[in-house]
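Geometric and topological summary
Here is how the chains run, residue by residue.
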Amino acid sequence: MAEPRHTRVLIIGSGPAGYTAAVYAARANLNPILVQGLQPGGQLSITTDVENYPGFKEPIQGPWLMEQMQGQAERYGTEVLFDVVTDIDLKATPFTAVTDGGAVVKADTVVLATGAVARWLGLPSERHFMGAGVSACATCDGFFFKNRKVAVVGGGNTAAEEAVYLAGIAAKVTLIHRRDRLRAEDILQRRLFSNPKIEVLFDHVVEEVLGDDDPKRVTGLRLRGVKDGVERTLDADGVFIAIGHDPATELVKGQIETDDEGYVVTAPGSTRTNVAGVFAAGDVQDKTYRQAVTAAGSGCMAALEAERYLTGVQVRGW
Ligand code: FAD
Ligand code: NAP
């Protein structure tokens, strides 16, 4: 194993939260080290048009935006490692992180920006049409289906909210749920059922996403009735999978407070965790907004809070 290196700020994750934390920490002269993980650039590296990141009049490409963020972080002195943190000890300071490539990093503070991953149905056809009509983010991709037909899969709060949101854009929304009852809250269910553009199809599962290849686009879904076993085809131009997300918190499991869904718990209005010197930013601690701009905003907060922690400025809270 390599000689341990020391850093004042170790940033784990290279999405908008990680790179924004890096820009702020680097400009505060803290010489941060950022470990990119298996997905350099994070979730936006697997999308195409981004139309809601402020500052760009025209749509921009997700991978391009993330390259810009990396370049900005490096320009001010961030050391970016193409590596994965495989182990971290948060019990003693300085914290010790070990990477897959064998590096050992001792860090006075840690910004955890490991993001979250959408759950998918696991169908080969779903993967085939990802980004070409299959999405897990209505806020991100809904606009591409203006006045078209879309389907939403799931029965929780996210599915209900996404269906209502999409009904404001699309011509028709069909919500497909595998059971005969939604788990979404009553208030969301009322909004859902009172919306004339939304139809709810209970007791159905998606067996295949149907579509064309040239150009690649979704045309519908092959469904199966859970109770009657009957196969049906639903016309749809887009399908939004809303069956939950998994925050990437395996690394810190048992060392940091997480909620019952595994999201890191942060103090209200802050990125501080219950471990002094450890801050969490972006989707790993946010199950509400899950947007690039909110992740970037909390990355900024994390770096500012880390800097204040390092300089001994008392911050309110835990
Ligand atoms: P992520 O982007 O999830 O990045 C997490 C990072 O952590 C990755 O770099 C990963 O490699 C790293 N990591 C994880 N574990 C480790 C480890 N052990 N060691 C080192 N690194 C690790 N939002 C919008 O605002 N507009 C959009 O148009 C939009 N489109 C989207 C399209 C798609 C297909 C998807 C999936 C999401 C989209 N989003 C969009 C949501 C947006 O991408 C996320 O909200 C945002 O990326 C969250 O940023 P983050 O920095 O918290 O984490
Ligand atoms: P969730 O509550 O876990 O619901 C997931 C839904 O997807 C469930 O209805 C589930 O079906 C279904 N599902 C799971 N796996 C599936 C599969 N393989 N195939 C088909 N369907 C599948 O997830 P969520 O809706 O994303 O919500 C996550 C958390 O965030 C919840 O605590 C929620 O309350 C919260 N949230 C809150 C708000 C709000 O307050 N406004 C908004 C969004 C999310 P079953 O019902 O059969 O299990």
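Above this text sits the structure in question.
Right, let's walk through the structure included here. Computed from a predicted model, the values in this text were never measured in an experiment.

With that out of the way, let us pick up the packing of aromatic side chains. One pass over the structure, following the stated rule, counts four aromatic pairs. Considering the side-chain rings of Phe-279 and Tyr-309, the 6.2 Å spacing of their centres and the 75° angle between planes classify their relative orientation as edge-to-face. With Phe-279 in strand β19 (residues 278–280) and Tyr-309 in helix α7 (residues 292–310), the pair connects residues that are 30 residues apart, well separated along the chain. Its end group placed over the ring of Tyr-76, Arg-27 keeps NZ or CZ at 5.5 Å from the ring centre.

This part covers the side chain of Thr-20. Within the secondary structure layout, Thr-20 lies in helix α1 (residues 16–27). Here Thr-20 falls in the buried class, since its relative accessible area comes to 12%. Beyond its immediate sequence surroundings of up to four residues, Thr-20 is in contact with Ala-296, Gly-299 and Cys-300.

The full set close to ligand 2 counts 15 residues, and Asn-157, Thr-158, Glu-161, Arg-179 and Arg-183 are the nearest of them. One of the backbone N or O atoms of Gly-156 is found 3.3 Å from an oxygen atom in ligand 2. Within the contact set of ligand 2, an oxygen atom lies 2.7 Å away from a side-chain nitrogen or oxygen of Arg-183. In terms of residue class, the shell around ligand 2 is built from two nonpolar, seven polar and six charged.

Once that is clear, we can look at the sheet that holds strand β16 (residues 231–235). Read from one edge to the other, the open sheet built from three strands follows the order β14-β15-β16, with strand pairing classed as antiparallel. If you trace the sheet from one side to the other, it starts and ends with β14 (204–213) and β16, each paired once. The sheet shows a mean angle of 30° between the axes of neighbouring strands, direction not considered.

Now for the site of ligand 1. Residues in close proximity to ligand 1 total 30 residues, the closest being Gln-36, Gln-39, Gln-43, Asn-52 and Ala-292. Measuring from an oxygen atom of ligand 1, one finds a side-chain N or O atom of Gln-43 at 2.8 Å. At 3.1 Å from an oxygen atom of ligand 1 is found a main-chain nitrogen or oxygen belonging to Arg-290. Considering ligand 1 on its own, with 1000 Å² of exposed area, one finds that the protein chains cover 90% of that surface. Of all the secondary-structure elements, those providing two or more residues to the shell around ligand 1 are α1 and α7. For the shell around ligand 1, a count of residues per class yields 14 nonpolar, 14 polar and two charged.

Linking two cysteines covalently through their sulfur atoms gives a disulfide. For the structure shown, the criterion picks out one disulfide. Here Cys-137 engages in a disulfide with Cys-140; their sulfurs sit 2.0 Å apart. Here the disulfide of Cys-137 and Cys-140 is right-handed, its torsion about the S-S bond being about 65°. Residue Cys-140 is classed as partly exposed on the basis of its relative accessible area of 32%.

Moving on: the side chain of Thr-96. Relative to the assigned elements, Thr-96 resides in strand β7 (residues 95–99). Among the polar contacts listed, one links the side chain of Thr-96 to the side chain of Lys-106, at a separation of 3.1 Å. What Thr-96 contacts, discounting residues up to four positions off in sequence, is Asp-87, Ile-88, Asp-89, Val-104, Val-105 and Lys-106.

Another aspect to go through is the pairing of strand β8 (residues 104–112). Counting buried positions along β8 yields seven of nine residues, so the element is predominantly enclosed. One ladder, built from seven bridges, connects strand β1 (residues 5–12) with β8; its direction is parallel. Opposite Leu-10, over in β8, you have Val-110 as the bridge partner. Bridge analysis of β7 against β8 gives four bridges, and the strand direction is antiparallel. Bridging across to β8, Val-98 finds its partner in Val-104. Two elements, β8 and β19, share three bridges in a ladder whose sense is parallel. The residue of β19 that forms the bridge with Val-111 is Phe-279.

Tallying each qualifying case throughout the model produces 17 salt bridges. A salt bridge links Arg-119 to Asp-246; the shortest N-O distance between them is 3.1 Å. One end of the pair, Arg-119, is in the loop between β9 (116–118) and α3 (124–128); the other, Asp-246, is in strand β18 (residues 245–247), with 127 residues separating them in the sequence. Note that Glu-305 is salt-bridged to Arg-272, the shortest N-O span being 3.7 Å. Of this pair, Glu-305 sits in helix α7 while Arg-272 sits in the loop between β18 and β19, placing them 33 residues apart in sequence. The class of Glu-305 is buried, set by a relative accessible area of 9%. A relative accessible area of 10% places Arg-272 in the buried class.

This paragraph deals with the sheet that holds strand β12 (residues 172–176). Spatially, the five strands line up as an open sheet ordered β10-β17-β11-β12-β13, and their pairing is parallel. For this open sheet the edge positions go to β10 (134–135) and β13 (198–201), each flanked by a neighbour on one side alone. For β10 and strand β17 (residues 238–241), the ladder comprises two bridges, and the chain directions are parallel. Within β17, the position partnered with Val-134 by the bridge is Val-239. Lying over the sheet, helix α5 (residues 157–167) contacts β11 (149–153), β12, β13 and β17, oriented at roughly 170° with respect to β12.

Conventions and cut-offs
Residues numbered from 1 in each chain as written. Chains lettered and ligands numbered in written order. Predicted model: local features only at pLDDT ≥ 70, side-chain atom pairs only at ≥ 80, totals over all residues. Heavy atoms only, no water. Phe/Tyr/Trp six-rings, centres within 6.5 Å; stacked < 30°, edge-to-face > 60°. Helix = DSSP H or I, 4+ residues; strand = E, 2+ residues; numbered from the N terminus. Lys NZ or Arg CZ within 6 Å of the ring centre and 35° of its normal. Buried < 20%, exposed > 50% of the residue type's maximum accessible area, 1.4 Å probe, protein only. Contact = heavy atoms within 4.5 Å. Near = heavy atom within 4 Å. Polar contact = N/O pair within 3.5 Å; in protein donor to acceptor, adjacent residues only side chain to side chain. Nonpolar A, V, L, I, M, F, W, Y, C, P; charged D, E, K, R; others polar. Pairing = 2+ DSSP bridges. Axes fitted to C-alpha atoms, helices over the stretch in contact; angles between N-to-C directions. Areas by Shrake-Rupley, 256 points an atom, 1.4 Å probe, with all protein chains shown as cover. Disulfide = S-S within 2.5 Å. Salt bridge = Lys/Arg side-chain N within 4 Å of Asp/Glu carboxyl O.

In short, shape yes, function no, at least from these values alone.
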